[in-house]
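Listed below are the residues making up each chain.
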Amino acid sequence: MTMGRPPRVELSNARLAEQHEVMEGILDDGVCPFCVESLAKYHKRPIYERGKFWTVTENQWPYADTNFHLLMIAREHVETLSDFGGRIGPAFAELGKLSAKYLGLYGTNTAGLGMRIGNPAETGGTVRHLHAHLLQVDPNAAPGTKVKMKLGEVK
């Protein structure tokens, strides 16, 4: 890993053993798993679409009790909203359009769209690269089932 650069993944937030193992390899390689040049090596789910700003794919480790769980990964390495600079409007317009498109493909207008911004050690996330989660609770899950996404954590 390059000296002075923070790790691109937060191992302590891995939820599953396989995810933890893959993330250990990412740490050893010292790369960002969501950057274009590394995505295919670490991410083994289908890529549905590559927009100007976002890549749409299935989450490799979807949350339990979801009907679908997609990731919309920024196509360039950005970690915060301000990293988009003057392109933030077009980037979020595309995110909105892609979200609406995939909700339509899943035949629903009910889902959650969540994004953690910045240091995953503080957000509860795993990858230090801006991405959004588009997901829906499984309608066939037991009554009262909730899907929870960590949006912050004090360690």
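See above for the structure.
Reading guide: rules and limits
Residues numbered from 1 in each chain as written. Predicted model: local features only at pLDDT ≥ 70, side-chain atom pairs only at ≥ 80, totals over all residues. Heavy atoms only, no water. Helix = DSSP H or I, 4+ residues; strand = E, 2+ residues; numbered from the N terminus. Rg over C-alpha atoms; globule rule 2.2 N^0.38 Å. Buried < 20%, exposed > 50% of the residue type's maximum accessible area, 1.4 Å probe, protein only. Contact = heavy atoms within 4.5 Å. Areas by Shrake-Rupley, 256 points an atom, 1.4 Å probe, with all protein chains shown as cover. Lys, Arg positive; Asp, Glu negative; His and termini not counted. Charge placed at Lys NZ, Arg CZ, Asp CG, Glu CD. Expected span 1.5 Å × (residues − 1). Arc of directions from axis to C-beta. Pairing = 2+ DSSP bridges. Axes fitted to C-alpha atoms, helices over the stretch in contact; angles between N-to-C directions. 1 Å grid on protein atoms, 1.4 Å probe; cavity = no way out; pocket = protein on both sides within 12 Å on 5 of 7 lines; lining within 4 Å. Points joined across faces, edges and corners; volume = space filled by probe spheres on them. Nonpolar A, V, L, I, M, F, W, Y, C, P; charged D, E, K, R; others polar.

A few words now on the overall build of the protein. Of regular secondary structure, the protein possesses four helices and five strands. Against the compact-globule benchmark of 15 Å for 155 residues, the protein has a radius of gyration of 15 Å, which places it among compact chains. Residues classed as buried in the protein amount to 43% of the 155 residues present. Considering only contacts in the protein between residues 6 or more positions apart, those separated by 24 or more positions represent 60%. When the accessible surface of the protein is totalled, it reaches about 8400 Å², and 54% of it is carbon and sulfur. Separation between the mean location of the 18 positive side-chain charges and that of the 17 negative ones in the protein comes to 4 Å.

Our focus in this paragraph is helix α1 (residues 17-29). The terminal C-alpha atoms of α1, which comprises 13 residues, lie 19 Å apart, in line with the 18 Å expected from a rise of 1.5 Å per residue. Of all the positions in α1, only Q19, M23 and I26 are classed as buried. Seen end-on, α1 carries its buried residues on one side only, within an arc spanning 50°. In this structure, α1 carries A17, E18, E21 and D28 as exposed residues pointing more than 90 degrees from its buried face.

Here we take up the sheet that holds strand β2 (residues 54-58). Across a sheet, strands are paired by hydrogen bonds formed along the backbone, either parallel or antiparallel in direction. A sheet is described by the order of its strands in space; here five strands give the open sequence β1-β2-β3-β5-β4, paired in antiparallel fashion. The open sheet is flanked by β1 (47-50) and β4 (112-115), the only strands paired with a single partner. Averaged over all pairs of adjacent strands, the angle between strand axes in this sheet comes to 20°, irrespective of strand direction. Examined bridge by bridge, strand β3 (residues 66-74) and strand β5 (residues 131-137) share seven bridges and lie antiparallel to one another. Bridge pairing in β5 links I73 to H131. Contacts from helix α3 (residues 88-105) reach β1, β2, β3, β4 and β5 within the one sheet, and its direction differs from that of β2 by about 30°.

Tallying each qualifying case throughout the model produces two cavities of 30 Å³ or more. Within this model, the largest cavity holds a volume of roughly 80 Å³. E79, R116, G118, P120, T123, G125, T126, V127, R128, H129, L130 and H131 together form the lining of the largest cavity. Within the lining of the largest cavity, the residues separate by chemical class into three nonpolar, six polar and three charged.

That is the geometry; function is a separate question.
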